[in-house]
Structures are given as structure tokens and as C-alpha cells.
Number of protein chains: 2
Amino acid sequence: MALTQTAETRCSKPILVAVNKPFDDEGGLQALRSHPLFAALSGQDLQYILQQSRRLHLGHHQLLYRQDMPAHQFFFVISGCLRLYRLDSSGIDRTLDSIASGDCFAEVMIYADPPRYACYAEALKASEVLVIPVKAYQDLLEINPRYAQAALRHYAKRAVSRFHDLEIMTVQNARDRLIRYLIDLLPNGTEEGGEVELPLPKCLVASRLAMQPETFSRILADLKSSGLVRVNRSRLFISDPQRLVDISQ
Amino acid sequence: MALTQTAETRCSKPILVAVNKPFDDEGGLQALRSHPLFAALSGQDLQYILQQSRRLHLGHHQLLYRQDMPAHQFFFVISGCLRLYRLDSSGIDRTLDSIASGDCFAEVMIYADPPRYACYAEALKASEVLVIPVKAYQDLLEINPRYAQAALRHYAKRAVSRFHDLEIMTVQNARDRLIRYLIDLLPNGTEEGGEVELPLPKCLVASRLAMQPETFSRILADLKSSGLVRVNRSRLFISDPQRLVDISQ
DNA sequence: CTGAGTAATTGATTTAACTCAAGGTGGGGT
DNA sequence: ACCCCACCTTGAGTTAAATCAATTACTCAG
């Protein structure tokens with residue numbers, strides 16, 4: 001059974017069809033400007049993208065797209081957060097990634113052939129996304145090939161980051177996977193401690209790390225009682241990341 | 001302990017320093033031409049890349065580069081096969097990818113900052129690789145931004161493929177991970193059966209799938225006795241992939 | 001504030017996978 | 001041909017994690 005009740009079970013149709021107001025918000029525009037895929041764009045070209053795009057509101061647990069759906073848009077998160085997941089035929093729900101405000105996702109669709117979404121995407125809470133037609137960005141790259149430099153850098157980084165995610169998943173025991181996941185959440189890795197916020201509810205972090213929610217809970221309780229992690233709801237305080245790494249392996 | 005004896009334990013220094021003969025082989029050149037990153041290059045530009053590159057012979061289990069080493073080159077496999085892996089501080093050896101003849105690897109280094117290899121790379125048998133200076137390819141993209149299109153397509157595909165690898169690893173049980181891995185090796189997925197060759201020795205496939213060699217062996221023995229897979233050394237014959245998928249989940 | 005529903009925790013039990021250990025097997029070198 | 005050395009397989013015992021089952025804690029809507 002699914003680990004959590006998904007949008008799939010609640011609201012039957014994805015909502016990409018909805019047409020909303022154009023994107024004219026100043027704050028959101030600033031955020032878009034600072035994303036690597038858009039930072040280099042001229043004012044005019046950015047305007048073109050925005051004209052072609054639509055702003056979309058997603059409710060709690062609302063489905064944005066389905067696995068295998070034709071992919072003609074990619075997305076930028078103006079506010080809120082989402083997750084990417086897959087559903088087995090048996091209905092097992094496996095979380096693959098969490099998406100935060102300021103992130104782009106499904107942007108690989110710009111070059112996918114055929115363009116079909118590789119997973120489901122749903123909002124974890126009320127969120128605003130910018131729906132960007134793949135074609136619009138392609139047009140821009142066609143006209144100004146210099147823009148490809150930034151895109152290349154972005155894609156290379158994304159590939160590295162996926163590789164790193166994969167690396168975590170080849171760690172064989174649940175505790176060590178969780179520890180590595182936590183270290184990655186820290187802004188400076190093992191360099192210095194700090195407070196991190198889980199980007200997903202605990203049961204979905206568990207799913208992301210290929211373990212059961214009960215296992216997640218027990219491991220975290222362990223780390224807590226060993227004084228390695230201080231837990232407050234979805235906020236974790238890690239004072240000494242190096243100690244965490246030392247007990248793993 | 002390491003699952004298998006690695007180059008690390010045998011030969012202490014990576015061999016990137018070696019300077020070999022330039023790349024002038026016709027067969028290898030054809031293969032390079034057909035790689036997405038090089039297919040679009042003009043004869044002159046390809047020649048430039050080849051002039052800057054060196055051909056390198058690697059012996060069985062020879063180390064090509066180390067995790068965290070400064071990365072000024074990327075690679076194209078002319079013949080043979082390699083694997084990418086990481087080593088924990090406790091010496092646990094985790095295989096992350098297998099590289100076959102005709103593949104490019106570490107090519108994300110063209111855009112990495114700072115450019116450091118994310119893992120180890122070693123030859124699994126005697127192999128020939130083309131050592132391409134990152135700078136050479138960067139120069140080309142600088143001069144002809146149109147080349148970036150092909151590179152973008154390649155990087156997007158790579159990101160998708162890593163995402164898919166990650167997806168396999170979120171499958172919680174060993175048997176189902178193995179089944180999915182096998183299906184992916186089939187040229188047409190579940191569409192039709194066929195013979196596949198494991199791209200890695202069994203103990204390394206096990207490592208790649210985050211399980212012990214013994215577990216791998218037992219699962220394969222199970223599948224064999226159920227008539228789902230016919231095993232001949234590292235060659236597996238899968239007559240009905242759909243049946244395999246059906247028993248997973 | 002209160003109750004309903006979801007998420008998180010905790011306990012007891014079962015099971016899948018790991019570990020340790022002992023044989024096989026097949027290919028490459030002498 | 002033979003032996004040697006990896007690699008692989010198989011077995012027995014142990015352990016980590018899954019499963020099943022309750023209880024507790026939040027969150028949100030009314």
C-alpha cells in the first residue's frame with residue numbers, strides 16, 4: 001500500500017489544463033532571475049518567457065502531472081514545495097525528490113525525446129508554480145545560442161547531484177543512508193553543525209531513503225538518545241556532523 | 001572490507017600522468033564520431049580535439065582516477081570497460097556505474113566547479129580510453145556555440161538516466177531491484193525477451209544494487225529455478241520480461 | 001475549543017538480508 | 001595439462017529491518 005495518501009487517490013485529474021493569470025509578481029520574478037537557467041537572459045527574453053508562461057496555484061496534495069504524461073511544460077517554484085514520486089503497479093509510492101521554492105523541475109524535458117514526465121509531481125502544501133512551455137525556452141536557445149552555456153552548467157550540476165543521490169542509495173544500511181541524507185541537508189556539510197528542516201514529512205523522507213517510516217522513526221530516536229541530533233518536529237539540530245559521520249560506515 | 005580486490009589495494013598511484021601516443025586509429029575515431037557529444041563536430045574541430053587528446057591503455061583493474069582528484073580531463077572508451085565506484089573511510093567499495101566501449105564519462109567535469117572527480121574509476125579489463133582535456137572541449141563550445149545543442153541533449157539524457165537509476169534504488173527489496181536492473185539491460189525493456197550480458201562481474205552488480213554477493217547469487221538461483229532466467233556465466237537469457245515484472249512489486 | 005483524520009511513535013513478531021564459513025568452478029599462466 | 005586464483009555458490013546462524021498492531025501527537029476545520 002501507499003505510504004501516504006497521495007493526490008492520486010484523492011483528486012483524479014492532473015491540473016495542467018487549468019489556465020491562470022500571467023506571471024507579473026515582482027518577488028517571484030526576482031527569484032526566477034536568480035535561477036541559473038534564467039540569470040543570463042536579457043530583459044526582453046525573460047519577458048518573452050513570462051508572456052508564454054502561466055502562473056498556477058496548487059492546493060495541498062494537488063497533483064501537477066502524472067508519470068508518462070506528454071511533457072510540454074517545465075516548472076519553476078514561486079512558493080511552496082512539491083515532491084516527485086513514482087507509483088508501482090501495486091500502488092507503492094516511492095518518493096524520488098523534494099522541490100523547494102526557487103527550484104526548477106522537469107526542465108530536462110526541454111531536451112527529452114519523446115517528452116514524457118518520468119514521475120508524478122504533487123504539491124506538499126499550497127504552492128505557486130510558473131508553468132513554462134518547453135517550446136518557449138527552446139525558441140530562446142535557438143535565437144541566442146550563448147544562453148546554452150548557463151543551461152549546460154545547470155544540467156551538468158543536476159547530473160552530478162543525481163549521481164550523488166544515487167551514491168547515498170548504494171549505502172546498504174538504513175542508519176547510514178539517513179545520516180548521509182542529513183549531512184547533505186546541512187549547508188556546509190560536515191564542516192559545521194546547524195539546524196536543518198526536513199524538506200519532506202518524515203514518512204516521505206523514509207520513502208526517499210528506501211526505508212519504512214517506523215525504521216526512520218527508530219533511527220532518529222536512536223540518534224536523539226545518543227545526543228547526536230536534537231529533534232523538534234521537522235527541524236533537526238545537528239551540533240557535530242563529524243561525529244555523525246564517524247558513527248556511520 | 002572491499003567486496004573485491006580493487007586497484008586501490010594493488011597499484012598505489014593513478015596513471016593519468018602517463019603520456020601515450022596520439023589517437024589516430026580509424027575504428028576508434030568512427031566510434032567517437034557516433035557519440036552525441038562529438039557527432040555534430042566539424043572534421044576540423046574533431047581533429048582539434050584529437051590533437052589535444054591522448055590515447056591511454058589501462059590494464060586489468062588499473063585505476064584511472066581517484067575520487068577528489070582535480071579533474072582536467074574527461075574520457076571516451078575506445079575499447080574495454082570500466083566502473084565508477086566510491087570508497088568509504090571504512091574501505092567499503094560501492095559500485096555506482098559501469099562504463100562500456102563507446103561511452104563518455106566524467107564529461108560533467110566540463111562544467112564542474114571546482115573540477116574534482118566525484119568517484120574512483122578503474123578498468124575492469126584491459127581497456128583503451130581517449131583522454132580529452134576539458135579545456136579543449138570548452139574551447140570548441142566557446143568558438144561554436146551551436147555545438148552546445150548536442151551537449152545539452154546529452155546532459156539532459158544523462159540526468160534522466162541518473163534519475164532512473166535512483167528510482168531503482170528506492171525499491172526496497174533486493175529481488176525487485178535486481179529484476180528492474182535486468183529489465184533495463186534488455187534493449188527493448190519489457191517489450192521482448194532476449195539475452196543480456198552483465199556489464200559487471202556479479203559481485204559488482206551486487207554492490208551496484210546495494211546487496212551482498214551472496215544475496216545476488218541466491219536471488220538469481222531463485223529466478224533460475226522458477227524458469228524466469230536462464231544463466232550462462234555472465235550471460236542471462238530472459239524469455240519473458242513481463243513475467244519477471246509481474247512477480248516483482 | 002473540540003473532534004476527526006493524518007502523521008509519528010513505540011512495541012512485539014516475523015522475515016529478508018547479512019555474516020561467517022566452506023566448497024565449487026572456470027580461465028589464465030607456466 | 002595442470003595448478004592457482006579469483007569469482008561464484010551454497011549452507012547455517014544472526015541481525016537489521018519489515019510488518020503488524022496500538023497508542024500518542026498534531027493539524028485543521030468547524
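Look up: the structure comes first, before these words.
Residues numbered from 1 in each chain as written. Chains lettered and ligands numbered in written order. Predicted model: local features only at pLDDT ≥ 70, side-chain atom pairs only at ≥ 80, totals over all residues. Heavy atoms only, no water.

Caption draft 1: Summary view of the overall build of chain A. Along the backbone of chain A there are 10 helices and 11 strands. Pairs at least 24 apart in sequence give 73% of the contacts found in chain A among residues at least 6 apart. Accessible surface computed for chain A: about 10,800 Å², of which carbon and sulfur atoms make up 49%. (Helix = DSSP H or I, 4+ residues; strand = E, 2+ residues; numbered from the N terminus. Contact = heavy atoms within 4.5 Å. Areas by Shrake-Rupley, 256 points an atom, 1.4 Å probe, with all protein chains shown as cover.)

Caption draft 2: Examining the relation of the copies chain A and chain B more closely. Turning chain A through 180 degrees and shifting it by 0.0 Å along the axis lays it on chain B, with an RMSD of 0.0 Å. Expressed as a symmetry operation, the mapping of one chain copy onto the other fits a two-fold axis. No C-alpha of chain A lies nearer the rotation axis than that of Ala159 of chain A, which sits 2.3 Å from it. Both copies share a contact surface, since 100% of the interface residues of chain A are interface residues in chain B too. (Least-squares fit on C-alpha atoms with pLDDT ≥ 70 in both.)

Caption draft 3: Looking closely at a positive patch on the surface. Residues Lys202, Lys224, Arg230 and Arg233 of chain A make up a contiguous surface patch of positive charge. Looking at the secondary structure, you find Lys224 of chain A in helix 9 (residues 213-225). (Patch = residues over 30% accessible without salt bridge, like charges linked within 9 Å, V, L, I, M, F, W, Y side chains within 5 Å. Salt bridge = Lys/Arg side-chain N within 4 Å of Asp/Glu carboxyl O. Lys, Arg positive; Asp, Glu negative; His and termini not counted. Charge placed at Lys NZ, Arg CZ, Asp CG, Glu CD.)

Caption draft 4: Spotlight on the interface of chain A and chain B. With 42 residues of chain A at the contact, the number on the chain B side is 42 residues. Carbon and sulfur atoms supply 65% of the area buried between chain A and chain B, which totals about 4,100 Å² over both sides. Where chain A meets chain B, there are six salt bridges. Arg94 of chain A is paired through a salt bridge with Glu167 of chain B; the nearest N and O atoms lie 2.7 Å apart. One can count 12 residue pairs in polar contact (both at pLDDT 80 or more) joining chain A with chain B. Ranked by the residues each element gives to the side of chain A that touches chain B, the list is headed by helix 6 (residues 148-169) of chain A, at 16 residues. (Buried area = accessible area lost by both parts, 1.4 Å probe. Polar contact = N/O pair within 3.5 Å; in protein donor to acceptor, adjacent residues only side chain to side chain.)

Caption draft 5: How the structure looks around the sheet that holds strand 5 (residues 93-100) of chain A. All names here are of chain A. On the basis of which strands lie adjacent, the open sheet formed by four strands has the order 2-7-4-5 and antiparallel pairing. Two strands bound the open sheet, and with one partner strand each, they are strand 2 (63-65) and strand 5. Averaged over all adjacent pairs, the angle separating strand axes in this sheet is 30 degrees, with direction ignored. (Pairing = 2+ DSSP bridges. Axes fitted to C-alpha atoms, helices over the stretch in contact; angles between N-to-C directions.)

Caption draft 6: Main features of the packing of helix 4 (residues 43-52) of chain B against helix 5 (residues 134-143) of chain B. Residues and elements named next belong to chain B. Where helix 4 meets helix 5, the axes come as close as 9 Å, and the angle between the chain directions of the two elements is 160 degrees. If you check the angle between helix 4 and helix 5, you find them roughly antiparallel. The crossing of helix 4 and helix 5 is right-handed. Here Asp45, Tyr48, Ile49 and Gln52 of helix 4 come into contact with helix 5, specifically with Ala136, Tyr137, Asp139 and Leu140. Considered class by class, the residues forming the contact of helix 4 with helix 5 number five nonpolar, one polar and two charged. (Parallel < 35°, antiparallel > 145°, perpendicular 65-115°, else oblique. Left-handed = near helix turned anticlockwise from the far one by under 90°. Nonpolar A, V, L, I, M, F, W, Y, C, P; charged D, E, K, R; others polar.)

Caption draft 7: Broad picture of the protein's contact with DNA strand C. Surveying the vicinity of DNA strand C reveals 18 residues, the closest of which are Gln172 and Arg218 of chain A together with Ala174, Thr215 and Arg218 of chain B. Restricting the count to atoms of DNA strand C within 4 Å of the protein gives a sugar and phosphate share of 69%. Here a base nitrogen of DNA strand C and a side-chain polar atom of Arg218 of chain A are 2.9 Å apart. Measuring from a phosphate oxygen of DNA strand C, one finds a side-chain N or O atom of Gln212 of chain B at 3.0 Å. For the surface near DNA strand C, the residue count by class is six nonpolar, seven polar and five charged. (Near = heavy atom within 4 Å.)

Everything listed here is a matter of geometry and, on its own, says nothing about what the molecule does.
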